[in-house]
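Here is what each chain is made of, one letter per residue.
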Amino acid sequence: MKSKNIVILGGGVGGIVAANELRRKLPLSYGITIVEKEKEHFFAASFMWVMNGDRTMDEVRKPFRNLIRKGIDVVHGTVREIDPHNNKVVTNDGELSYDYLIVALGAELVIGSIPGLAESAYTFYSLEGADRLNRALREFNGGIIAIVVSSLPYKCPGALPEGAMLIADYFKKHKTENHVDIQLFTPESQPMPVAGPLLGDSLRMLLEKKGISYHPKHKLTSVDYNRKTLVFEENEPVKYDMLIAIPPHQAPQLLRKAGLANDAGWVPVDRTTLKTKFENIYAIGDVTSINIPGRWDPNIPLLLPKAGVFAHFHAEVVAHQIINAINGEASKRGFTGGGYCMIESGGGRAGFASGEFYAEPSPRLRLGNVSRIWHWGKILFEKWWLSSLGIRKRLLGLIIKIGGTVLRIPVGF
Ligand SMILES: Cc1cc2nc3c(=O)[nH]c(=O)nc-3n(C[C@H](O)[C@H](O)[C@H](O)COP(=O)(O)OP(=O)(O)OC[C@H]3O[C@@H](n4cnc5c(N)ncnc54)[C@H](O)[C@@H]3O)c2cc1C
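Reading the values: rules and limits
- Residues numbered from 1 in each chain as written.
- Predicted model: local features only at pLDDT ≥ 70, side-chain atom pairs only at ≥ 80, totals over all residues.
- Heavy atoms only, no water.
- Helix = DSSP H or I, 4+ residues; strand = E, 2+ residues; numbered from the N terminus.
- Expected span 1.5 Å × (residues − 1).
- Buried < 20%, exposed > 50% of the residue type's maximum accessible area, 1.4 Å probe, protein only.
- Domains from an automatic or database assignment.
- Contact = heavy atoms within 4.5 Å.
- Buried area = accessible area lost by both parts, 1.4 Å probe.
- Salt bridge = Lys/Arg side-chain N within 4 Å of Asp/Glu carboxyl O.
- Polar contact = N/O pair within 3.5 Å; in protein donor to acceptor, adjacent residues only side chain to side chain.
- Near = heavy atom within 4 Å.
- Nonpolar A, V, L, I, M, F, W, Y, C, P; charged D, E, K, R; others polar.
- Phe/Tyr/Trp six-rings, centres within 6.5 Å; stacked < 30°, edge-to-face > 60°.
- Pairing = 2+ DSSP bridges.
- Axes fitted to C-alpha atoms, helices over the stretch in contact; angles between N-to-C directions.
- 1 Å grid on protein atoms, 1.4 Å probe; cavity = no way out; pocket = protein on both sides within 12 Å on 5 of 7 lines; lining within 4 Å.
- Points joined across faces, edges and corners; volume = space filled by probe spheres on them.

Caption draft 1: Seen up close, helix H1 (residues 13-25). The terminal C-alpha atoms of H1, which comprises 13 residues, lie 19 Å apart, in line with the 18 Å expected from a rise of 1.5 Å per residue. Among the 13 residues of H1, 11 are classified as buried, and the element is accordingly described as predominantly covered. Regarding H1, the residues found buried are Val 13, Gly 14, Gly 15, Ile 16, Val 17, Ala 18, Ala 19, Asn 20, Glu 21, Leu 22 and Arg 23.

Structure, rendered in structure tokens:
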């Protein structure tokens, strides 16, 4: 009989970190169970390297078990229902009882929700999608490539400029018969709007330098794929030769039935403790909705972006919160809103955007110079994340050494 059971729903970035952190710190008399529907883990930050041919699909996926510490029970099944009043979870494999629950189910892609999109668009937002897009890029003979953010919110806002710059870089290396014209369309008012106008301007300039046109405030309503035309809510239709979409995202539907979701379907949590409205249920990562201070546009409240770095830091915080609760201690560690990302710009270089998302009166972020260091930083992190746990410890030592002394960054996703 376990003294307490902790159940983690979803074994992506947040779920893996939470499970490992809890197992590292709690005696084996505490049960830790993780429910994940996939047998393999895919490292999403590398999908763009599959897209441009720098990686194969096999190089960016790993058996899920290899990333999980011994002493964690893995249920490979689908979560069907959460019953917060009876501390129970229903999966396709049976029921699980919990004392503490961590919801880390991420965001789902629903490409079919915009008419014509599923029939016409490529995407680098899934592993298979990135591989299919790589084959299409190899056959592309020039023309307009439209990259479209089909709705908000979407995970990793830095992935939009990053994907566009890597495609521009691909065609710099692989010449086509006709000119390639890359155009970005998004309902947002600037790149990474949460970061404010300064960082947005830096990114726009970076895109311009690569010859990429940026079209803000374009809300896609449908795609007329017979005429290869994008239809927007308030703008003129636009013709394309190849369409690449960041598909619409939604929160897993079961969260509404559980009473955990807000009107938009995401899970509101305390921004420091990541606790939901239920005392013993936490939510982390993409599934959450976290208001942050300030607004660049008076009509649009700011939300913490969906990104692996936050899923990672949330998971560490929640593991500590649960351990403190078990020990009857006041919690000493909370999430303070710090985050960063490395944005590949092509040619073996990347920019480093970092900042404080909880800063008053509004988030404080900056984009450092594009350099080879950050590209290598991203590769090092990829190797660390995808390595098995034993090798990981050694690689972690190396990253901490380099990160701590040279780059001065915390280690996260
Ligand atoms: C192309 C791309 C590039 C990116 N680059 C970066 C980057 O450079 N930096 C960064 O910080 N972030 C990046 N991200 C975002 C990052 O991958 C996500 O924000 C992160 O994975 C979120 O972690 P999570 O644990 O909340 O969800 P996920 O990692 O998505 O995990 C959710 C898990 O839940 C499982 N699941 C879902 N429903 C069920 C169910 N009903 N039953 C059982 N299991 C279920 C899923 O299979 C999945 O494994 C990128 C994303 C993409 C798509």
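Caption draft 2: The domain arrangement of the protein chain, seen in detail. Segmentation of the protein chain into domains returns domain 1 (4-107 + 251-332) and domain 2 (109-248). Inter-centroid distance (C-alpha atoms) of domain 1 to domain 2 is 29 Å. If you look at the interface, domain 1 gives 20 residues, while domain 2 gives 27 residues. Summed over both sides, the interface between domain 1 and domain 2 buries roughly 1900 Å², with carbon and sulfur atoms accounting for 74% of that surface. At the junction of domain 1 with domain 2, the criterion picks out 0 salt bridges. Viewed at the interface, domain 2 and domain 1 are joined by 2 residue pairs in polar contact (both at pLDDT 80 or more). Secondary structure elements with two or more residues in the side of domain 1 that touches domain 2: helix H2 (47-51) and strand S23 (302-303).

Caption draft 3: Up close: the site of the ligand. The local shell around the ligand holds 29 residues, among which Gly 14, Glu 36, Val 79, Asp 286 and Val 309 are the closest. One nitrogen or oxygen atom from the main chain of Val 13 is found 3.2 Å from an oxygen atom belonging to the ligand. Here an oxygen atom of the ligand and a side-chain polar atom of Asp 286 are 2.9 Å apart. Considering every element that reaches the shell around the ligand, the biggest residue donor is helix H8 (residues 308-326), with 3 residues. Considered class by class, the residues forming the shell around the ligand number 14 nonpolar, 9 polar and 6 charged. Two domains each provide a minimum of three residues to the shell around the ligand, namely domain 1 (4-107 + 251-332) and domain 2 (109-248).

Caption draft 4: How the structure looks around the packing of aromatic side chains. As enumerated under the stated definition, the model contains 15 aromatic pairs in all. Taking the centre distance of 5.1 Å and the plane angle of 85° together, the rings of Tyr 170 and Phe 171 count as edge-to-face. Looking at Tyr 170, the relative accessible area reads 6%, which means it is buried. Consider the rings of Phe 352 and Trp 374, whose centres lie 3.9 Å apart with planes at 10°: the pair is stacked. Linking Phe 352 in strand S25 (residues 349-356) with Trp 374 in helix H9 (residues 372-386), this pair joins segments that are 22 residues apart in sequence.

Caption draft 5: Fine view of the pattern of salt bridges. For the structure shown, the criterion picks out 17 salt bridges. Ionic pairing is found between Lys 219 and Glu 233, a salt bridge with its closest N-O pair at 4.0 Å. Here the residue Lys 219 occupies a position in the loop between strand S13 (213-215) and strand S14 (220-224), and Glu 233 occupies one in the loop between strand S15 (229-232) and strand S16 (238-239), the gap between them amounting to 14 residues. Owing to a relative accessible area of 41%, Lys 219 belongs among the partly exposed residues under this scheme.

Caption draft 6: Fine view of the side chain of Asp 286. Looking at the element boundaries, Asp 286 is found in the loop between strand S20 (281-283) and strand S21 (288-289). Apart from the residues lying within four places of it in its own chain, the contact partners of Asp 286 are Gly 106, Ala 107, Lys 155, Trp 266, Lys 306 and Ala 307.

Caption draft 7: Here's a closer look at the sheet that holds strand S8 (residues 94-97). The strand order S6-S7-S8 describes an open sheet built from 3 strands, whose pairing is antiparallel. Two strands bound the open sheet, and with one partner strand each, they are strand S6 (79-83) and S8. Strand-to-strand twist in this sheet, taken as the mean axis angle between neighbours without regard to direction, amounts to 20°. In this structure, S6 lies alongside strand S7 (residues 88-91), joined through 4 bridges in antiparallel fashion. By the bridge assignment for S7, Asp 83 is matched with Lys 88.

Caption draft 8: Geometry of the layout of surface pockets. In this model, the second largest pocket occupies a volume close to 880 Å³. Leu 152, Pro 193, Ile 300, Pro 301 and Leu 303 are, among the 33 residues lining the second largest pocket, the residues nearest its centre. Split by residue class, the lining of the second largest pocket holds 21 nonpolar, 7 polar and 5 charged. Counting contributing residues, the lining of the second largest pocket receives three or more from each of domain 1 (4-107 + 251-332) and domain 2 (109-248).

Caption draft 9: Looking closely at the environment of Met 205. Note that Met 205 resides in helix H6 (residues 196-209). Here Met 205 falls in the exposed class, since its relative accessible area comes to 54%.

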